[in-house]
Amino acid sequence: HGNYGEFYNRNTEHINTLGFEHHYDLKHFESLDSNVPLIHSYLDDKYFFERFVDLMPNDKFFAYGISVTSHSPYVPTQEIHQHNFKGLTRLASSYLDFCHYTDQAIGIFIDSLEKANLLDDSIVVFFGDHTSSLFKPDLESIMKTNLTEVDFRLTLQSVPLIIYNEHLFTPKINNKVTGTVDLYRSFANLFGLETKYHFGNDIFTDEPGYIYSPRNLDLIFNDFTCFYPSNDVFGKVNNLEYFLNIFEQYKYTNDLILKSRYFR
């Protein structure tokens, strides 16, 4: 990834806790090239994705890359072309500039995988780990409409999830409510791996699911949204207490695991 490994202790926890064999962060790329291109203080996504493919072995592997160019702050810089989109707030326009740059970097990544003969036999997954942190007027200027508070929160918290292998998946859009917590179980099931410990659902099934935002505790279901702890409901639900109880038990268990460092 394009940041220093000390951030979130990735340089130790990706090895000791998650079980990766190798960890490469900004220090690694700087050791190879003293003039590595940076955007703000992070590794340039285009450079990162090209070097990411170079690190991949020829046999079976699981590789996890963290890009950072599309992360805030969206402060204009000479490396990012400014489109000056009309009708957008200044922040929204700059945000789309950075997203456009990362889109180009992803194209470079796919092309590099293909040239390395890795694309056909790989499943490629892209997902965002949190919101853009845009404000309501910024998002409204992009969408060209006024948003209610619930629509603003739902739109802001809709991060990308793209699963790609043209030999396994027919292109389609899945509007089922899912979250990043569902990814582990989904891909473990896809590859026939054991899932003794897990939260979340398998997104490749019709199993109903829901998500909650750890930032503000919004509970989002397929048919309704609940602002917790005020319990304001948007949509139709007949058994709110049932769903609240499930959420509270999950959160209680999750908090205990973190506080007790159970898996250490």
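Nothing here was measured: the structure is a model prediction, and the numbers come from that model. (Residues numbered from 1 in each chain as written. Predicted model: local features only at pLDDT ≥ 70, side-chain atom pairs only at ≥ 80, totals over all residues. Heavy atoms only, no water.)

Caption draft 1: Looking closely at unusual backbone geometry. Residues Ser72 and Pro73 are joined by a peptide bond in cis, for which omega reads 10 degrees. Within the fold, Pro73 resides in the loop between helix H3 (45-54) and helix H4 (90-115). With omega at 10 degrees, the peptide bond leading from Tyr228 into Pro229 counts as cis. Examined against the element boundaries, Pro229 turns out to sit in the loop between strand E7 (224-227) and strand E8 (232-235). (Helix = DSSP H or I, 4+ residues; strand = E, 2+ residues; numbered from the N terminus.)

Caption draft 2: Seen up close, a negative patch on the surface. Side chains of Asp111, Glu114, Asp120, Asp121 and Glu166 sit close together on the surface and give a patch of like negative charge. Note on placement: Asp120 falls in the loop between H4 and strand E3 (124-127). Relative accessible area serves as the criterion here: at 48%, Asp120 is assigned to the partly exposed category. (Patch = residues over 30% accessible without salt bridge, like charges linked within 9 Å, V, L, I, M, F, W, Y side chains within 5 Å. Areas by Shrake-Rupley, 256 points an atom, 1.4 Å probe, with all protein chains shown as cover. Salt bridge = Lys/Arg side-chain N within 4 Å of Asp/Glu carboxyl O. Lys, Arg positive; Asp, Glu negative; His and termini not counted. Charge placed at Lys NZ, Arg CZ, Asp CG, Glu CD. Buried < 20%, exposed > 50% of the residue type's maximum accessible area, 1.4 Å probe, protein only.)

Caption draft 3: Fine view of the sheet that holds E8. Strands sit in the order E5-E6-E7-E8 across an open sheet of 4 strands; the sheet is antiparallel. The open sheet has two edge strands with one neighbour each: strand E5 (210-212) and E8. Mean inter-strand twist for the sheet, computed between neighbouring axes without regard to direction, equals 15 degrees. With 3 bridges connecting them, strand E6 (residues 218-221) and E7 associate as antiparallel partners. Bridging across to E7, Asp218 finds its partner in Phe227. The strands touched by helix H6 (residues 149-156) within the sheet are E6, E7 and E8, with E7 carrying the most contacts at an inclination of about 100 degrees. Together, E5, E6, E7 and E8 form the strand contacts of helix H8 (residues 240-260), whose direction differs from that of E5 by roughly 55 degrees. (Pairing = 2+ DSSP bridges. Axes fitted to C-alpha atoms, helices over the stretch in contact; angles between N-to-C directions. Contact = heavy atoms within 4.5 Å.)

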